[in-house]
Amino acid sequence: MDALALLLNRRSLPKLIEPVPQGDSLNNIFRAGLRAPDHAGLTPWRFIVSQGEGLQKLADILVEAAKADGADDTVIEKAGKAPFRAPMVITVVAKVTDHDKVPVIEQHLSAGCAVQAMQLAAVAQGFAGFWRTGKWAYHPVVREALGVTGNDLIVGFLYMGSPACREAKVHERDIAQFVEYL
Ligand SMILES: Cc1cc2nc3c(=O)[nH]c(=O)nc-3n(C[C@H](O)[C@H](O)[C@H](O)COP(=O)(O)O)c2cc1C
């Protein structure tokens, strides 16, 4: 797939089914994430894969978080179903190292870059994905269960699978509204 076409047409695909990337395809997705820009080579990334039983484990964690909030049954049920929106969820964590020259925000941004690179690598290989956070990504119960401490941050749940629907058309944006020249 042409790299520019991939970048210009990137879309999220919210309906995902099997097959999920495995083997070399999945490794390519991780390799793309591991090529995210990385100030001072701090490698501020963790990728936590949930599939099969792992999806249920992730669901259990979200349910625990919802219960800890005293959420009503509807919210708890929704939390328990969330991971099953795709056959695989990769939780991308910014793993932050204290550094004189590299502030926390830059390490969070690097992990965010990794998410997009991984989404694009999935699409390039015929798969698809969508990026979600929502309140659970920042919830202390979820953070603790996934070993996310201090300045570390869950920057996204990257849902992965194969397209179960067509991509919506990309709306061209008016470049002039976003670009300024000094
Ligand atoms: C950090 C981050 C978190 C996001 N979290 C959510 C989310 O929780 N729920 C949601 O509907 N979209 C979320 N999005 C947006 C979607 O991933 C997606 O980009 C958006 O629906 C637009 O679709 P597109 O990617 O096809 O342009 C998030 C995007 C980013 C960058």
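Residues numbered from 1 in each chain as written. Predicted model: local features only at pLDDT ≥ 70, side-chain atom pairs only at ≥ 80, totals over all residues. Heavy atoms only, no water.

Student: Honestly, the overall build of the protein chain in this entry has me stumped. Any pointers?
Tutor: Across its full length, the protein chain holds 6 helices and 5 strands. Start at the N end of the protein chain and walk to the C end: the helices and strands fall as α-β-α-β-α-α-β-α-β-α-β. Dimensions along the principal axes, computed over C-alpha positions, put the protein chain at roughly 50 × 45 × 35 Å. Relative to its 182 residues, the protein chain shows a buried fraction of 41%. A separation of at least 24 residues holds for 81% of the contacts in the protein chain among residues at least 6 apart in sequence. Just so you have it, the protein chain exposes about 10,700 Å², and 54% of that area is on carbon and sulfur atoms. (Helix = DSSP H or I, 4+ residues; strand = E, 2+ residues; numbered from the N terminus. Buried < 20%, exposed > 50% of the residue type's maximum accessible area, 1.4 Å probe, protein only. Contact = heavy atoms within 4.5 Å. Areas by Shrake-Rupley, 256 points an atom, 1.4 Å probe, with all protein chains shown as cover.)

Student: In this structure, what is going on with the pattern of salt bridges? I would like to understand it.
Tutor: A side chain with one charge may pair with a side chain of the opposite charge, provided their charged atoms come close. Counted under the stated rule, the structure contains 3 salt bridges. Close ionic contact of D69 with K135 constitutes a salt bridge, the shortest N to O distance being 3.4 Å. Highlighted residues: D69 in the loop between α3 (53-68) and α4 (73-81) and K135 in the loop between β4 (128-132) and α6 (140-145), separated in sequence by 66 residues. For D69, a relative accessible area of 39% corresponds to the partly exposed category. (Salt bridge = Lys/Arg side-chain N within 4 Å of Asp/Glu carboxyl O.)

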